[in-house]
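For reference, the chains in residue letters:
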Protein chains: 2
Amino acid sequence: MRTGVRRRMGVEERRQQLIGVALDLFSRRSPEEVSIDEIATAAGISRPLVYHYFPGKLSLYEAALKRASEDLADRFVEPREGPLGGRLLRVMRRFFDFVDEHGPGFSALMRGCPSFGSSRTNALIDGVRQAAYVQILSHLDLKDDPPARLELLIRSWISLAESTALIWLDGREIPRRELETQLVHDFAALMAVSAASDEDMAAILRQVIADEPEDGPFGDLMGRLVTLARP
Amino acid sequence: MRTGVRRRMGVEERRQQLIGVALDLFSRRSPEEVSIDEIATAAGISRPLVYHYFPGKLSLYEAALKRASEDLADRFVEPREGPLGGRLLRVMRRFFDFVDEHGPGFSALMRGCPSFGSSRTNALIDGVRQAAYVQILSHLDLKDDPPARLELLIRSWISLAESTALIWLDGREIPRRELETQLVHDFAALMAVSAASDEDMAAILRQVIADEPEDGPFGDLMGRLVTLARP
């Protein structure tokens, strides 16, 4: 509620407020559709004052994207406790929370090249992918450098999660809860494919599966596949 | 070999020659690194003459990309004969041929937003994805509209193929032949995951598997998974 007396914000506080307002608007529509006027109105300040803090829409967009990137990268952080399937499922739930909160902005960004996309924009996206990769890799407790096939598995699975989320946003035909579980199942399935042709991957898969309970997402998938294979 | 007498080309012939020369250069390096001067030299004409046919580098890049897009879309066309696994494997071989031929340009494009990327550039990429989707869907002989889960499977598998190819290009650590087969296995595995939770997908999977020979890529995967699961 407004009290009638407007408290003056400090420079950094005002910048952070503007980033928050901008992120909210950029999340709900594609960046081309959001104007500086609108951001000024939503922040309750004048248009020239916005320009005092940010030289233009691109710099405000990049600041908002930076905050969103840090937020998303944080959601991939998961304690290294309990079976891997359950950890991945919690990560996927938080990932879909993020996608849900930032839907149209996430789509516009990931579908590529908003007309004012920049190399900094790309670097932020790549930074999140790298953070997600490092996080997931850390859960596999490898002593040495990851084999190339494991790196491929994790990185390509991350891109599968991205594309699954984008397809979900386009109509939301399949419940997100189902897709969160499906992506965890996908991870196990892609790992099994890789393990079927490579001994190092087979060893990693055996180590992962050894810790999985029957009622976890990996055990659930195995049970369902057995049922499916029954004639 | 130059004969000393330079034949004069017609307008359309010259345009097509320039597009071919540009595509070759844009395939080997990222578009930022290719100059109009270089294209002119490679085509054996003057820089002003290039501008006579194309107003600038972006329009020449878009024309080259259009030709590459049509080429790539064509490689997804496969006769509807024989088991699905073999068809997908032939498509993946041609896809990796394309990626191999256009490596650095493909990376620069798909890693997003060359600094002069445009909405037309994006539309061309989306057009190839759509053509690939329609082609693969046509092999499943559905009578009705595809269920949402099948559309998700095909579209997300296409993006998995893209990301696998991009990771392969970045160092080529895993032989491409292995990745071509792996992607066909991935398709089967992702389909099995979806079928494990959905009756429509289970019916489609059963129909696909009924036609698969033991020595095809799907049969091969099954055999390997059984071996893997043996204690």
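All values derive from a computational prediction rather than experimental measurement.

What to know about the overall build of chain A
Step number 1: Secondary structure assignment for chain A yields 11 helices and 0 strands.
Step number 2: Listed N to C, the secondary structure of chain A is α-α-α-α-α-α-α-α-α-α-α in terms of helices and strands.
Step number 3: Here the C-alpha coordinates of chain A stretch approximately 70 × 40 × 35 Å along the principal axes.
Step number 4: Expressed as a percentage of the 231 residues in chain A, the buried residues total 39%.
Step number 5: For chain A, contacts bridging at least 24 residues in sequence account for 68% of all contacts bridging at least 6.

Comments concerning the interface of chain B and chain A
Step number 1: Taken together, the 35 residues of chain B in the interface contact 35 residues of chain A.
Step number 2: At the level of elements, helix 7 (119-138), helix 8 (148-169), helix 9 (176-197) and helix 11 (217-229) of chain B are the ones that each hand at least two residues to the side of chain B that touches chain A.
Step number 3: A per-element tally of the side of chain B that touches chain A places helix 9 of chain B first, with 12 residues.
Step number 4: Across the side of chain B that touches chain A, the residue classes tally to 16 nonpolar, 13 polar and 6 charged.

Points about the environment of A:Asp74
Step number 1: Among the structural elements, A:Asp74 can be located in helix 4 (residues 57-75).
Step number 2: Sequence separation between A:Asp74 and A:Thr121 is 47 residues; the distance between their C-alpha atoms is 18 Å.

Structural notes on the domain arrangement of chain A
Residue and element names in this part refer to chain A.
Step number 1: On domain assignment, one finds that chain A holds domain 1 (8-67) and domain 2 (76-229).
Step number 2: Here domain 1 and domain 2 have C-alpha centroids that lie 32 Å from each other.
Step number 3: Residue-level contacts link 11 residues of domain 1 with 12 residues of domain 2.
Step number 4: Of all the secondary structure elements, the ones that give two or more residues to the side of domain 1 that touches domain 2 are helix 1 (11-28) and helix 4.
Step number 5: Counting residues per element, the side of domain 1 that touches domain 2 draws most heavily on helix 4, which supplies 4 residues.

With respect to the relation of the copies chain B and chain A
Step number 1: Relative to chain A, chain B is turned by 180° and slid 0.0 Å along the rotation axis, the superposed coordinates differing by an RMSD of 0.0 Å. Here the symmetry operator amounts to a two-fold rotation axis.
Step number 2: When the interface residues of chain B are mapped onto chain A, 100% of them again fall at the interface, so both copies present the same face.

Section: helix 9 of chain B
Step number 1: For helix 9 of chain B, spanning 22 residues, the distance from its first C-alpha to its last is 32 Å, which sits close to the expected 32 Å at 1.5 Å a residue.
Step number 2: Within helix 9 of chain B, 18 of the 22 residues are buried, which leaves the element mostly enclosed by the surrounding structure.

With respect to unusual backbone geometry
Residues and elements named next belong to chain A.
Step number 1: The backbone of Asp141 shows a phi angle near 50°, a positive value even though the residue is not glycine.
Step number 2: For Asp141, the location among the structural elements is in the loop between helix 7 (119-138) and helix 8 (148-169).
Step number 3: Overall, Asp141 belongs to the exposed group, with 11 C-beta atoms counted inside 10 Å.
Step number 4: In this model, Arg172 sits at a positive phi of 50°, which is unusual for a non-glycine residue.
Step number 5: You can see Arg172 is positioned in the loop between helix 8 and helix 9 (176-197).
Step number 6: A residue is classified by how many C-beta atoms lie within 10 Å of it, and Arg172, with 13 of them, is partly exposed.

A word on the packing of helix 7 of chain A against helix 8 of chain A
All names here are of chain A.
Step number 1: Packing of helix 7 against helix 8 leaves a shortest axis separation of 10 Å and a crossing angle of 125°. Taken together, the axis directions place helix 7 and helix 8 in an arrangement best described as oblique. Note that helix 7 runs across helix 8; the crossing there is right-handed. Taking contact as the criterion, the partners of Arg129, Ala132, Tyr133, Ile136 and Leu137 in helix 7 are, on helix 8, Ile154, Arg155 and Ile158.

With respect to the nonpolar core
Step number 1: Membership of the largest hydrophobic core comes to 127 residues, with the highest contact counts inside it found for A:Ala22 and B:Ala22.
Step number 2: In this structure, B:Ala22 is in contact with B:Ile39, B:Leu60 and B:Ala64, ignoring residues within four places of it in sequence.

Let's talk about the packing of helix 9 of chain A against helix 11 of chain B
Step number 1: At a minimum axis separation of 9 Å, helix 9 of chain A and helix 11 of chain B run at an interaxial angle of 85°. One element, helix 9 of chain A, and the other, helix 11 of chain B, form an angle in the roughly perpendicular class. Facing A:Ala192, A:Val193, A:Ala195, A:Ala196 and A:Ser197 of helix 9 of chain A, the residues of helix 11 of chain B in contact are B:Leu221, B:Arg224, B:Leu225 and B:Leu228.
Step number 2: The residue makeup of the contact of helix 9 of chain A with helix 11 of chain B, split by class, is 7 nonpolar, 1 polar and 1 charged.

Criteria and cut-off values
- Residues numbered from 1 in each chain as written.
- Chains lettered and ligands numbered in written order.
- Predicted model: local features only at pLDDT ≥ 70, side-chain atom pairs only at ≥ 80, totals over all residues.
- Helix = DSSP H or I, 4+ residues; strand = E, 2+ residues; numbered from the N terminus.
- Buried ≥ 20, exposed ≤ 12 C-beta atoms within 10 Å, placed from the backbone.
- Contact = placed C-beta atoms within 7 Å.
- Nonpolar A, V, L, I, M, F, W, Y, C, P; charged D, E, K, R; others polar.
- Domains from an automatic or database assignment.
- Least-squares fit on C-alpha atoms with pLDDT ≥ 70 in both.
- Expected span 1.5 Å × (residues − 1).
- Axes fitted to C-alpha atoms, helices over the stretch in contact; angles between N-to-C directions.
- Parallel < 35°, antiparallel > 145°, perpendicular 65-115°, else oblique.
- Left-handed = near helix turned anticlockwise from the far one by under 90°.
- Core = buried A, V, L, I, M, F, W, Y, C linked by C-beta atoms within 7 Å.

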